[in-house]
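Analysis of the macromolecular model
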Amino acid sequence: NAGVTQTPKFQVLKTGQSMTLQCAQDMNHEYMSWYRQDPGMGLRLIHYSVGAGITDQGEVPNGYNVSRSTTEDFPLRLLSAAPSQTSVYFCASSYSPANNSPLHFGNGTRLTVT
Amino acid sequence: AQSVTQPDIHITVSEGASLELRCNYSYGATPYLFWYVQSPGQGLQLLLKYFSGDTLVQGIKGFEAEFKRSQSSFNLRKPSVHWSDAAEYFCAVGAQLTGGGNKLTFGTGTQLKVEL
């Protein structure tokens with residue numbers, strides 16, 4: 001049972017480059033979300049999706065785009081990378097969008113922007 | 001807005017000793033509370049959750065947590081720590097968003113070191 005799969009595990013970008021962080025889940029979860037983890041700040045919500053075709057912004061959405069064309073996939077796009085986006089990114093999913101539905105996390109993508 | 005405070009950044013315990021990790025939350029309504037554990041290079045794994053009912057909740061790996069509304073706390077405990085428990089632990093409170101999603105607000109984490 002794969003759960004939540006994120007690729008790549010590591011990525012180094014130059015300022016201004018673009019890239020897509022991939023996230024896929026095989027649990028038929030309705031809800032998916034992206035968090036970034038920075039030292040001393042815990043995890044912060046970037047974007048989320050309550051179902052295919054529906055996305056919305058979290059608390060730190062600037063510089064990131066998302067789409068949800070299928071239930072399984074929820075890619076995160078950086079259009080023009082900046083050093084402030086150096087972070088570890090986690091994709092998470094849950095059965096429902098309700099706030100008592102536990103999140104299942106991927107293993108993360110460590111991104112460095114130089 | 002909700003917030004979570006984990007006052008201890010680092011804790012070191014001897015293997016076999018008891019453990020308590022502190023968590024204080026701020027939330028306007030009945031909180032949904034979670035504890036997650038993160039091993040190096042891994043994602044977060046759910047240890048336990050509290051929604052309502054019994055204030056002492058049991059989780060995986062022998063962990064338990066007690067919800068105390070009067071103290072706005074949700075401390076994590078384990079009677080006897082194993083070396084494999086060394087990891088970072090995050091407390092979180094869940095909130096519903098107006099867009100229909102939910103947001104977990106995390107504390108900054110407590111790094112647990114276990115001495116053999």
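A brief structural summary. Quantities reported herein were computed from a predicted structural model and do not represent experimental measurements. (Residues numbered from 1 in each chain as written. Chains lettered and ligands numbered in written order. Predicted model: local features only at pLDDT ≥ 70, side-chain atom pairs only at ≥ 80, totals over all residues. Heavy atoms only, no water.)

Considerations on the pairing of strand E12 (residues 110-115) of chain B
Residues and elements named next belong to chain B. Across the two faces of E12 the burial differs, with Thr110, Leu112 and Val114 buried and Gln111, Lys113 and Glu115 not buried at all. Where strand E2 (residues 10-14) meets E12, five bridges bridge the pair, whose relative direction is parallel. Bridge assignment links Val13 to a residue of E12, and that residue is Val114. One ladder, built from three bridges, connects strand E10 (residues 87-96) with E12; its direction is antiparallel. Counted as the bridge partner of Ala87 is Leu112 from E12. (Buried < 20%, exposed > 50% of the residue type's maximum accessible area, 1.4 Å probe, protein only. Helix = DSSP H or I, 4+ residues; strand = E, 2+ residues; numbered from the N terminus. Pairing = 2+ DSSP bridges.)

Brief notes about the layout of surface pockets
Taken as a whole, the largest pocket holds about 550 Å³ of empty space. Along its surface, the largest pocket is lined by 28 residues, and Gln37, Val88 and Arg110 of chain A together with Gln38 and Gly41 of chain B are the ones closest to its centre. Of all the secondary structure elements, the ones that give two or more residues to the lining of the largest pocket are strand E4 (31-38), strand E9 (87-94) and strand E11 (109-113) of chain A together with E10 of chain B. The class makeup of the residues in the lining of the largest pocket is ten nonpolar, 14 polar and four charged. (1 Å grid on protein atoms, 1.4 Å probe; cavity = no way out; pocket = protein on both sides within 12 Å on 5 of 7 lines; lining within 4 Å. Points joined across faces, edges and corners; volume = space filled by probe spheres on them. Nonpolar A, V, L, I, M, F, W, Y, C, P; charged D, E, K, R; others polar.)

Side note on the nonpolar core
Ranked by internal contacts, the top residues of the largest apolar core, which has 26 residues, are Leu19, Trp35, Leu47, Leu48, Phe74, Leu76 and Tyr89 of chain B. Looking at this core, the elements that each hand over two or more residues are E2, strand E3 (19-21), strand E5 (32-38), strand E6 (44-50), strand E8 (64-68), strand E9 (73-78), E10 and E12 of chain B. Top contributing element to this core by residue count: E10 of chain B, with four residues. Leu21, Ala81, Cys91 and Val113 of chain A belong to the second-largest nonpolar core, a separate cluster that totals 19 residues. (Core = buried A, V, L, I, M, F, W, Y, C linked by side-chain atoms within 4.5 Å.)

What about the interface of chain A and chain B?
Listed by partner, the interface residues are 24 residues for chain A and 26 residues for chain B. Around 1900 Å² of area is buried between chain A and chain B when both sides are counted, 55% of it from carbon and sulfur atoms. Counting the contacts that link chain A with chain B gives one salt bridge. Two residues, Lys103 of chain B and Glu59 of chain A, come together in a salt bridge whose shortest N-O distance is 3.8 Å. Counting across the interface, chain A meets chain B through four residue pairs in polar contact (both at pLDDT 80 or more). Only E4, strand E5 (42-51) and E9 of chain A provide two or more residues apiece to the side of chain A that touches chain B. (Contact = heavy atoms within 4.5 Å. Buried area = accessible area lost by both parts, 1.4 Å probe. Salt bridge = Lys/Arg side-chain N within 4 Å of Asp/Glu carboxyl O. Polar contact = N/O pair within 3.5 Å; in protein donor to acceptor, adjacent residues only side chain to side chain.)

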